[in-house]
Amino acid sequence: MLPLTREYALAELQKHQDFKAQALNRWVQWYIDFAKREHNRDRLERLTIGYKNIEEEWENLVSVLHFCKDENRYEQLKELWSYLNNYTNLRGYWKDRLSWLNHLTEVSIAKGDYGTAVNTMSRQGRILLLMGQPEQLQKAEDLLRNAWSLSSHANFSDKDYVLNHLAGLYLRLENYKECHQWLDREQEVLNAQDELIDSERLRYQIYIDREHAEVLFHEKNYRLSKQMCKSVIEKSSQIDQGYGLRNANYGKKILADIAIEEKELDVAETLLNEVYREVEFHGDKRRIAYCLVSKAKLEKEKGNISQAKTYLSQASSHFQNIGMAKDVEIIKKIKTSL
């Protein structure tokens with residue numbers, strides 16, 4: 001419904017309060033059902049058809065979110081947001097995402113719904129650690145540690161998410177020892193989950209191994225990092241195609257960065273081309289930007305400084321659009337060194 005049409009319709013509804021209440025309930029429920037249907041498609045369809053449909057209805061979805069917030073419809077707001085959370089992350093709507101997550105955190109704590117608070121605080125923490133300014137990193141640490149302190153109220157998936165992103169925070173802070181410690185704790189929590197079926201356990205294991213591989217890369221332990229990456233790629237072949245390809249490409253991206261460091265430029269180029277096709281297809285702005293930085297480093301090693309600068313400028317634009325200020329500054333330093 002166009003904004004002016006909606007405004008007129010709401011004015012007319014004021015004259016018929018009973019019908020207004022019924023119409024608004026149907027309006028909210030229709031968009032909840034719509035978002036749920038698009039979110040629950042299989043992964044490949046969700047990332048293409050589902051998210052395209054959500055994008056086309058985005059203004060209306062935001063209107064429903066605001067209505068639920070203003071009318072204190074907490075349960076409906078929480079449900080609708082759960083279907084939009086991943087979309088807003090992938091498409092880079094990070095400032096809006098922080099605002100909604102902060103609201104849900106405040107309301108969930110006030111209501112004693114601590115399981116939801118763990119979920120929303122940890123998602124806020126993830127965005128802030130990626131944005132990377134000192135005050136944002138401090139806020140991320142506070143949120144993630146507070147989420148962990150309430151984790152007895154959370155399900156396993158949210159506990160795992162908190163631990164994985166505490167590790168990610170300390171990776172961002174270059175505190176590799178503490179990063180490994182949180183990953184080890186995540187492994188202990190996973191090992192204690194007797195009720196998980198094998199495919200679910202494998203998916204969580206891949207996330208842990210993926211993070212270990214990246215830490216080892218930053219520690220310049222390329223031999224172990226490569227072993228871990230190859231393990232991630234092999235394990236990813238055992239899960240469904242959508243998740244498998246994405247996680248395999250995380251491993252391939254690290255292998256490409258190692259290959260650049262070890263001057264195996266043909267290997268790096270082949271790997272980066274594979275990774276870039278996937279991230280571009282899915283419209284993942286953050287991963288596109290990181291891939292462009294790696295492509296720039298590759299071009300620098302090949303002596304193509306002009307192309308390297310072009311890739312860095314493109315990456316910087318993506319980082320700026322989603323608010324990753326720390327990475328914008330890193331790119332400036334790389335450009336200066338060219």
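Placed above this text is the structure.
Values in this document were obtained by computation on a predicted structure and should not be read as measured data.

Draft legend 1. View of the pattern of salt bridges. Inspection of the entire model under this criterion finds 20 salt bridges. With its nearest N and O atoms 3.0 Å apart, the salt bridge here joins D158 to R123. Of the two residues, D158 is situated in helix α9 (residues 156-172) and R123 in helix α7 (residues 114-131); the sequence distance between them amounts to 35 residues. Close ionic contact of K332 with E329 constitutes a salt bridge, the shortest N to O distance being 3.5 Å. Placement of both K332 and E329 in helix α17 (residues 325-337) is noted, with a separation of three residues, approximately one turn of the helix.

Draft legend 2. Looking closely at the side chain of S108. For S108, the position within the fold is in helix α6 (residues 94-110). Judged by its relative accessible area of 0%, S108 is buried. If we skip the residues at most four places from it in the chain, S108 touches Y74, D113, T116, A117 and T120.

Draft legend 3. The arrangement of helix α4 (residues 58-70) in detail. Between its first and last C-alpha, α4 extends 18 Å over 13 residues, near the 18 Å set by a 1.5 Å rise per residue. Restricting attention to buried positions, one finds in α4 the residues W58, N60, L61, S63, V64, L65, F67 and C68. N72, located one to two residues past α4, shows a positive phi value of around 55°.

Draft legend 4. Here's a closer look at empty space enclosed by the protein. In total, this model carries one cavity of 30 Å³ or more according to the counting rule given. For the largest cavity, the calculated volume is near 40 Å³. What lines the largest cavity is simply N89, L90, W94, R126, R246, D284 and R286. When its residues are assigned to classes, the lining of the largest cavity shows two nonpolar, one polar and four charged.

Draft legend 5. Broad picture of unusual backbone geometry. The residue K220 is not glycine, and still its phi comes out positive at about 65°. Looking at the secondary structure, you find K220 in the loop between α11 (198-218) and α12 (222-236).

Draft legend 6. Looking closely at the packing of aromatic side chains. Taken as a whole and assessed by the stated rule, the structure comprises 12 aromatic pairs. Aromatic pair W30 and F34: ring centres 5.5 Å apart, planes at 5°, arrangement stacked. Of this pair, W30 and F34 both sit in helix α2 (residues 17-39), four residues apart, which is roughly one turn of that helix. We classify F34 as buried; its relative accessible area is 6%. A ring pair is formed by W58 and Y87, whose centres lie 5.3 Å apart and whose planes are at 50°; its orientation type is tilted.

Draft legend 7. Representation of the packing of α7 against helix α8 (residues 134-149). Relative to each other, α7 and α8 sit at 155°, their axes nearing to 8 Å. In terms of axis orientation, α7 runs roughly antiparallel to α8. The element α7 and its partner α8 pack so that their crossing is left-handed. Contacts between α7 and α8 involve V118, M121, S122, Q124, G125, L128, L129 and M131 from the former and Q136, L137, K139, A140, L143, L144, N146 and A147 from the latter.

Draft legend 8. Here's a closer look at the packing of α6 against α7. Their axes nearest at 8 Å, the elements α6 and α7 cross at an angle of 150°. Taken together, α6 and α7 sit at an angle that is classed as roughly antiparallel. By crossing handedness, the relation of α6 to α7 is classed as left-handed. Counted together, W94, R97, L98, L101, N102, L104, T105, S108 and I109 of α6 and Y114, T116, A117, T120, M121, R123, Q124, I127, L128, L130 and M131 of α7 form the full contact between these two elements. Residues that form the contact of α6 with α7 fall into these classes: 12 nonpolar, six polar and two charged.

Criteria and thresholds
Residues numbered from 1 in each chain as written. Predicted model: local features only at pLDDT ≥ 70, side-chain atom pairs only at ≥ 80, totals over all residues. Heavy atoms only, no water. Salt bridge = Lys/Arg side-chain N within 4 Å of Asp/Glu carboxyl O. Helix = DSSP H or I, 4+ residues; strand = E, 2+ residues; numbered from the N terminus. Buried < 20%, exposed > 50% of the residue type's maximum accessible area, 1.4 Å probe, protein only. Contact = heavy atoms within 4.5 Å. Expected span 1.5 Å × (residues − 1). 1 Å grid on protein atoms, 1.4 Å probe; cavity = no way out; pocket = protein on both sides within 12 Å on 5 of 7 lines; lining within 4 Å. Points joined across faces, edges and corners; volume = space filled by probe spheres on them. Nonpolar A, V, L, I, M, F, W, Y, C, P; charged D, E, K, R; others polar. Phe/Tyr/Trp six-rings, centres within 6.5 Å; stacked < 30°, edge-to-face > 60°. Axes fitted to C-alpha atoms, helices over the stretch in contact; angles between N-to-C directions. Parallel < 35°, antiparallel > 145°, perpendicular 65-115°, else oblique. Left-handed = near helix turned anticlockwise from the far one by under 90°.

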